[in-house]
Amino acid sequence: MISMLIRRLLLGVVTVWIVSVIIFAGVEMLPGDACTAFLERDAKGEMLAHCREAQGLNQPPVERYLSWAAGAIQGDFGTSMSGDQSISEMVGLRVKLSLMLAMGALIGGVPLAIFLGVVTGIWRDRPLDVFLSTGAIFAMTIPEFISATILILIFSIWLGWVPGIVITPADAPVLDFFPEFILPIVVLGMVMTAHIMRMVRTSVIEVMASDYVQMATLKGVPFRQIVFRHVLPNALLPAINVVALTVAWLLGGVVVVEMVFNYPGLGRMMVDAISDRDLPVVQAIAMIVATTYVCVNLTADVMTMILNPRLRTLYMRAK
Amino acid sequence: MSDMAAPGIPRTGRLRRMGTVLRDMAASPSGAIGLTLVVAHLVMALISPWIVPYDYKVMDSGMVLSGPTGAHWLGTDEFGRDIFSRVLMGGREALLVTGIATPLAMLWGGMMGILLGLAGGRLDEVMMRVVDAFLSLPWILKLLVLVMTFGNGMMVIIPTLGFFYGIPVIRVARAATHDVVARDFVSAARARGHGRFGIIKRELLPNVLDTMMVEGAMRWSWMLLAFSSLSFLGFGVSPPTPDWGLMISESRVYMPLSPWGVLGPMVALSSLIIGINLSADALAKAMGIDRARKAVV
Amino acid sequence: MGAPPLISVRDLSVGFTGRTGATVPVLRGVDMAVCRGQSLGIVGESGSGKSTVALAAMGYLKRGLRRLSGEVCFDGADMFARTRLELEAIRGGQLGLIPQNSGQSLTPTLRIGRQITEALRLHCKMPEAEHEARVLDLLAQVRLPDPEVIMRRFPHELSGGQQQRVAIAMALAGEPDALLLDEPTTGLDVTTQAHILELLRDLAAERNMAMVYVSHDLGVIARVCEEVMVMYAGEVVLQGPVRQVLQDPVHPYARGLLASIPRLGERHLPVALEGRPPAPGEAGQGCAFAPRCGLAIDQCRELAPPMAPDGAGNLVRCYRHQDVGGLDAARQGSLPRRCDKRSGAALDLGAVAICYTAQGWLERMLGHAAPVLTVEGISIAIRQGETVGLVGESGSGKSTILKTVAGLLPPVAGKISLCDKPLPVRVEQRAPDQLRRVQLVFQNPDESLNPRHSVADILAQPLRLYYGLKGAELYQRSVEILETVRLGAHYMDRLPGQLSGGEKQRVAIARAFAAEPEVVLCDEITSALDVSVQAAMLELLNEFKRLKGTTYVFVSHDLAVVRALSDRVAVLYQGRLCEIGPVEAVYGPRSHPYTEVLLNAVLEPDPDVAPKLMAADVVELSPPAMGCPFQRRCPRKLADICDQKTPPWREFEGGHGIRCHLPPEDL
């Protein structure tokens, strides 16, 4: 068991290391460097030299990678091209705001998704299931900018209940974003809920058809007890990984939603940085998002390993 | 019951099998709706330039942001252009780009996945870490960096989408390969002494292909989503080319005055993506694959 | 039979809605009655509806099935008319079920103790505090060692036999009046099966329960039932006392079924039943068995016969039940072809050792010990035209050895030679001709035939590869080969999914023989098939042996099947050879203790033969590091010598060898 955990952990570390190489090499391979990209047409003469000096671009790539990586491990990503601000500080603020959105969507969405998934799985092919499953396909597949636009049209333009755009500045206290963050959370929550619900539904259907649920029925176990004791623990185990993937997606890929609502989160910062060609900031965000992704998946794997008695003995025996 | 042979007409050949699969798909209402939507969109993309009532770039300053009228079925946009004509033509670019990039992604991702699945060992393990690393980066970052650097021409977007969307395919193809390789008929072919290439072609591919078809349909829908998101963010198609994502983003500002500018393209894009997803579900069902069990990557 | 029956099924028909929308019956007019203290067996082949009857007795139908007519009464009232609460009280309480595959019927996330306690809480009124003691008591009653340990285990941590015992304990927890057993021992090793059946017999005697056994195995029924019901295509075709049904069945199907079972003491091959049962809904106007029946007359094809008493205590659904005795003369099993003792060597295994588990880099770094060899020291010399059977329980390494011979799993030590020439260990290093001469047939044709290939594609592969055939020639040859396995040219463009289990296995055998091999490796090729189909397969193999002098290595867990076909038998335990010799010698009086244990546990379809239980049915995960591999279970173990020293080979006349410390005169 311990050796399996160590192995899984090492794999995570290796993945993060490969990510850092990809990010660094990817930026290196782009034509020009951070300074020519940022200064664009002004990139000549003294200004360029000065910029390169400030960003330490005059050193050989391997050395630059090492010092960048060493800084990244300590949470220091250097300074941004534009404002000479510490990247870590800038990003930290945005991470907090993105996290808030993600938490909002998770707290509301995950329990709802599991509940709906279980309900539709148990009473599959009934009208309720058909209705909810069709709804889930819509929620899952309609692009976020469309669902966001529809919600804005209905709830903020026609009904005027909630603001459709965020105007609070990024450095304002978190509570100031109420009620502006309601719509973004609803949009994110819808997509996420639909994904998890579908997965849970399939899993429940599979377990409901299993021999052990039939056996429990024929043992005279009341229906409610079958669901809670025999179906749920087995059906929800595989859901852990899907929840993890959705969490990782929420933390990293909600660019479109942040752009639609003008929400000053990490995603918008990323697009802004790319538009400004502020490559050090892009590198930092990429690194943070990728590491989060790896960590969340790692946690999910370890959790499944611990919660699933079958896997647990498998690994114990492997030892 | 499983022991009974299905008495019936012998059907063989890939074409005939595709025929039965299509029939099975169309048999369920959702599959029929999905297929109809997809086919309708494809046909429209092909013929729209010849049937649209107005030129998509002709502006009419006297008819700005009008609602639906007899002349303009969906009204006009902020420049007085006919929304209906623009909606009809708005999927052409997206379908063309994804139509080329999807097979590209499936091809390279599929081949890579099958090879890694067969090779196993150290190489497989290292490559899978690289795949993980690529997957851990947000898609929009990967696309945007390249588009911002090299421009938004089709020669940039198609290979970029093809490359990045092929990476998750590696995983799927590799898993499917592992499933098939573990089965006795592959062992039987190995024991008979068939060459590696022959085994891949005859034993592996026909069985991996089903999974790949379903996967391809899903990749297509996600690629469309990515492409229209790029357009929506202003990094994809350049104006005045009609594109649903771009149209929504341009008309959003005028929503309080006239919602028709966003409604048209929203319905068009959503119906296409939903159509693809419904078809993918029906396809998976007809082929006996459980689509929802696949992880969302 | 004074008391009213506890379970009574009257005219029960069950069906489902087919693809075309028509109702397809699965059960047709089934009647059944079981009283307290009685045990009834339901026998039939796959698809006969026997399990559906048992589940219907609990008022339960699988998803998609529905009751078309009839009623199922338990304790006087119709199960299908009861409320959910009443059903919950009866199921698992008065009426217990022991399922087929207990490994999958126990909830994987719950500990054994909790699953049994759940049954107690639902069906027994006893204080919570006494539950644990009762669980321990139940586990001890089903003779599980260390109940305290078992209680805290998860289902997957137990062996198949232990899981089955837990399922029995769970059924007993509700103090049932009646037990339904759905193939309770299918899939278990012979020794375990014999132990479980003895346990069930004892329990039935102690508790005066009504029991319904569902099984495809007449040997099991013979052991535990007084009354038997034979089912065919959703109908009961014969019902009577077990002795009558097994010794002189008056229905042609039952007679054919019985003749298709291989026997331990019989030198003839079993006789196959030709044809296959109708698919659900396919049975026409007349008797469902008429198309396969040797006695069928026009009346049989036009009007289905009713169930009628035959005057000797049976109920039979046949117009010609008085004439069934005449069928036997026409059915005489052929003798297995014996090999010529002077023929040359075909396949020679020299001290082959195989290891399944390779160590990962992390395990090696952490200093774990190297794994024990899965198979060790296998030396067998096989002559041309000889059939050597490999027998042993699951985990004995018999299939592993075949994989190694086929070149799929290179051995860690030892040599293999084919016709006195060394055979490279890896398939990739073998010459085309060497590959052609050794062919492998797998256990499960669903796995070994590519579902995307038509029969023509499947047969074309060896023909193209080894003989370079093309076009018309290829087609011609494929059809010829199909005909040798008694399938016609019209099968050529079918896909495996459109064939029955037996037909698929025929195609797999045809594919192997298309290569004109000298050695055919058969890996449990009949264990996924019904007995009547199995008999046909054995006949087919014998036919090839007669025509082409093929050498077989025949792996099976079924000693009677091995007996039917083999010249010599090798008995394996934990990947080590225990005994090898001519069939008559190995199945004769002098044998290795393990062989003796196995032979005594075999169930024959004869109520007068009882198995003898000699060794505990412990499942061992890995062989002991030293000494005799069978030391832990051996009923005739000597002192420490068995634990410490590898036993010597003791040679007897006729090439009979036994690896045991016991002195030769005691074996």
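How each quantity is defined
- Residues numbered from 1 in each chain as written.
- Chains lettered and ligands numbered in written order.
- Predicted model: local features only at pLDDT ≥ 70, side-chain atom pairs only at ≥ 80, totals over all residues.
- Heavy atoms only, no water.
- Helix = DSSP H or I, 4+ residues; strand = E, 2+ residues; numbered from the N terminus.
- Buried < 20%, exposed > 50% of the residue type's maximum accessible area, 1.4 Å probe, protein only.
- Contact = heavy atoms within 4.5 Å.
- Areas by Shrake-Rupley, 256 points an atom, 1.4 Å probe, with all protein chains shown as cover.
- Lys, Arg positive; Asp, Glu negative; His and termini not counted.
- Charge placed at Lys NZ, Arg CZ, Asp CG, Glu CD.
- Buried area = accessible area lost by both parts, 1.4 Å probe.
- Salt bridge = Lys/Arg side-chain N within 4 Å of Asp/Glu carboxyl O.
- Polar contact = N/O pair within 3.5 Å; in protein donor to acceptor, adjacent residues only side chain to side chain.
- Expected span 1.5 Å × (residues − 1).
- Phe/Tyr/Trp six-rings, centres within 6.5 Å; stacked < 30°, edge-to-face > 60°.
- Nonpolar A, V, L, I, M, F, W, Y, C, P; charged D, E, K, R; others polar.
- Axes fitted to C-alpha atoms, helices over the stretch in contact; angles between N-to-C directions.
- Parallel < 35°, antiparallel > 145°, perpendicular 65-115°, else oblique.
- Left-handed = near helix turned anticlockwise from the far one by under 90°.
- Pairing = 2+ DSSP bridges.
- Disulfide = S-S within 2.5 Å.
- Core = buried A, V, L, I, M, F, W, Y, C linked by side-chain atoms within 4.5 Å.
- Domains from an automatic or database assignment.
- pLDDT = per-residue confidence, 0-100.

A. View of the overall build of chain A. Secondary structure assignment for chain A yields 15 helices and 0 strands. C-alpha atoms of chain A, sized along the principal axes, occupy 85 × 60 × 35 Å. By residue count, 56% of the 319 residues in chain A fall in the buried class. Residue pairs at least 24 apart in sequence account for 73% of intrachain contacts in chain A once pairs closer than 6 positions are excluded. Only carbon and sulfur atoms are counted for the fraction: they give 68% of the accessible area of chain A, which is about 14,200 Å². Taken together, the 21 basic and 23 acidic charged side chains of chain A have centroids lying 18 Å from each other.

B. View of the interface of chain A and chain C. At the interface, 27 residues of chain A touch 35 residues of chain C. It is A:Leu218, A:Lys219 and A:Arg229 in chain A that bury the most area against chain C; as a group they hold 23% of the surface buried on that side. Our count for the contact surface shared by chain A and chain C stands at 3 salt bridges. In this structure, the salt-bridge partner of A:Arg229 is C:Glu118, at a minimum N-O distance of 3.3 Å. Linking chain A with chain C are 12 residue pairs in polar contact (both at pLDDT 80 or more). At the level of secondary structure, the elements contributing two or more residues to the side of chain A that touches chain C comprise α1 (2–29), α9 (211–218), α10 (223–236) and α15 (309–318) of chain A.

C. Main features of the pattern of salt bridges. All names here are of chain C. Per the counting criterion, the structure on display carries 47 salt bridges over all chains. The salt bridge partner of Arg152 is Glu132, with a shortest N-O separation of 3.9 Å. One end of the pair, Arg152, is in the loop between α6 (147–151) and α7 (160–173); the other, Glu132, is in helix α5 (residues 131–141), and 20 residues separate them in sequence. Where salt bridges share partners, they join Asp433, Arg436, Arg437 and Glu518 into one cluster.

D. Geometry of helix α8 (residues 190–207) of chain C. All names here are of chain C. With 18 residues, α8 should reach 26 Å at 1.5 Å per residue; the first-to-last C-alpha distance of 26 Å fits that figure. Those residues of α8 lying buried are Val190, Thr191, Thr192, Gln193, Ala194, His195, Ile196, Leu197, Glu198, Leu199, Leu200 and Leu203. Looking one or two residues past α8, Asn208 carries a phi angle of roughly 55°, positive in sign.

E. The arrangement of the side chain of C:Ser448 in detail. With respect to the helices, strands and loops of the structure, C:Ser448 is situated in helix α17 (residues 445–448). Beyond its immediate chain neighbours, meaning those up to four positions away, C:Ser448 contacts B:Asp184, B:Phe185, C:Phe442, C:Ala508 and C:Arg511.

F. Layout of the packing of aromatic side chains. Residue and element names in this part refer to chain B. By the definition in use, this model includes 18 aromatic pairs over all chains. On the numbers, 6.3 Å between centres and 50° between planes, the contact of Phe134 with Phe164 is tilted. Placement of Phe134 in helix α5 (residues 121–136) and of Phe164 in helix α7 (residues 154–181) is noted, with a sequence separation of 30 residues between them. The exposure class assigned to Phe134 is buried, which follows from its relative accessible area of 17%.

G. Up close: the side chain of C:His656. Residues and elements named next belong to chain C. Relative to the helices and strands, His656 is located in strand β24 (residues 656–659). Reaching out from His656, the side chain makes a polar contact with the side chain of Glu579 at a distance of 2.6 Å. Those residues in contact with His656 that lie beyond four places of it in its chain are Glu579, Ile580, Gly581, Pro582, Ala585, Val586, Arg590, Arg650 and Glu651.

H. Geometry of unusual backbone geometry. With an omega dihedral of 5°, the bond running from B:Pro239 to B:Pro240 counts as a cis peptide bond. Positioned with a positive phi, C:Glu183 is a non-glycine residue whose angle comes to about 50°. As for its placement among the helices and strands, C:Glu183 is situated in the loop between β7 (178–182) and α8.

I. Main features of the interface of chain B and chain A. Across the contact, 45 residues belong to chain B and 46 residues belong to chain A. When chain B packs against chain A, close to 4,100 Å² is buried across both sides, 79% of that on carbon and sulfur atoms. Where chain B meets chain A, there are 1 salt bridge. Residue A:Arg198 pairs with B:Asp281 through a salt bridge whose shortest N-O separation is 3.2 Å. At the junction of chain B and chain A, the tally comes to 2 residue pairs in polar contact (both at pLDDT 80 or more). Secondary structure elements with two or more residues in the side of chain B that touches chain A: α5, α6 (139–150), α9 (196–233), α10 (244–251) and α11 (260–287) of chain B. Looking at the side of chain B that touches chain A element by element, the count peaks at 10 residues for α11(B). Its residues placed into classes, the side of chain B that touches chain A shows 31 nonpolar, 7 polar and 7 charged.

J. Region of interest: the packing of α5(B) against α7(B). Residues and elements named next belong to chain B. Their axes nearest at 10 Å, the elements α5 and α7 cross at an angle of 135°. Overall, the two elements α5 and α7 adopt an arrangement that is oblique. Crossing of α5 over α7 shows left-handed handedness. Counted together, Asp124, Met128, Val131, Asp132, Phe134 and Leu135 of α5 and Phe163, Phe164, Ile167, Pro168, Ile170, Arg171 and Arg174 of α7 form the full contact between these two elements. Grouping the amino acids of the contact of α5 with α7 by side-chain chemistry returns 9 nonpolar, no polar and 4 charged.

K. View of the sheet that holds strand β1 (residues 7–17) of chain C. Residues and elements named next belong to chain C. Taken in spatial order, the 4 strands make up an open sheet running β2-β1-β4-β5, and their pairing is antiparallel. Because the sheet does not close on itself, it has two edges, and the strands there are β2 (23–34) and β5 (77–78). Here strand β4 (residues 66–74) pairs with β5 via 2 bridges, running antiparallel. Bridged to Phe74 within β5 is Ala77.

L. A look at the environment of C:Asp420. With respect to the helices and strands, C:Asp420 occurs in the loop between β16 (413–418) and β17 (421–422). Taking the C-alpha atoms as reference points, C:Asp420 and C:Ala346, separated by 74 residues in sequence, lie 7.3 Å from one another.

M. Up close: the sheet that holds strand β13 (residues 345–354) of chain C. Residue and element names in this part refer to chain C. Here 4 strands make up an open sheet; going across it, the order is β14-β13-β16-β17 and the pairing antiparallel. Here the strands that pair on one side only, and so sit at the sheet edges, are β14 (375–383) and β17. Pairing between β16 and β17: 2 bridges, direction antiparallel. From the neighbouring strand, Leu418 faces β17, where its bridge partner is Lys421. Across the face of the sheet, helix α15 (residues 398–405) comes into contact with β13, β14 and β16 while running at roughly 115° to β13.

N. Main features of the packing of α10(B) against α11(B). Residues and elements named next belong to chain B. Interaxial distance between α10 and α11 falls to 9 Å at its minimum, and their mutual angle equals 150°. When the axis of α10 is compared with that of α11, the two are roughly antiparallel. Seen along the crossing, α10 lies across α11 with a hand that is left-handed. Here Trp244, Met247, Ile248 and Ser251 of α10 come into contact with α11, specifically with Gly261, Val262, Pro265, Met266, Ala268, Leu269 and Leu272. Here the contact of α10 with α11 is composed, by residue class, of 9 nonpolar, 2 polar and no charged.

O. Expanded view of the pairing of strand β9 (residues 227–232) of chain C. All names here are of chain C. When you tally the buried positions in β9, you get 5 out of 6 residues, the bulk of the element. In the sheet, strand β3 (residues 39–43) pairs with β9 via 4 bridges, with the strands oriented parallel. Looking at the pairing, Leu40 lines up with Glu227 of β9. Note: β9 against strand β10 (residues 235–241), 6 bridges, orientation antiparallel.

P. Here's a closer look at the state of the cysteines. Residues and elements named next belong to chain C. Following the criterion strictly, the structure yields 0 disulfides over all chains and no others. Of the cysteine sulfurs around Cys293, a residue in no disulfide, the closest is that of Cys318, at 6.0 Å. Among the residues examined, Cys293 registers a relative accessible area of 17% and is labelled buried.

Q. Up close: the nonpolar core. If you look at the biggest cluster of nonpolar residues, it comprises 165 residues, and the most contacted ones within it are A:Phe261 and B:Leu161. Residue contributions to this core reach at least three from each of two domains, namely domain 1 (2–73) and domain 2 (92–276) of chain A. With residues near it in sequence (within four places) discarded, A:Phe261 still touches A:Ala148, A:Ile152, A:Gly164, A:Ile165, A:Val166, A:Leu183, A:Pro184 and A:Val187. Counting 109 residues, the second largest nonpolar core, distinct from the first, contains C:Val14, C:Phe74, C:Leu95 and C:Leu181.

R. Fine view of the confidence of the model for chain B. Residues and elements named next belong to chain B. Here chain B averages 84 in pLDDT, and 93% of its residues register 70 or above. The secondary structure element of chain B with the lowest average pLDDT is helix α1 (residues 14–27), at 80, and the one with the highest is helix α4 (residues 92–119), at 92. Throughout residues 1–12 the model reports pLDDT below 50, and contacts reaching past four residues in sequence, or to other chains, amount to 35 contacts. Segment residues 291–297 is flagged for pLDDT under 50; beyond a separation of four residues in sequence, or across chains, it makes 29 contacts in the model. Scored by ipTM, the complex comes to 0.85, with pTM at 0.86.

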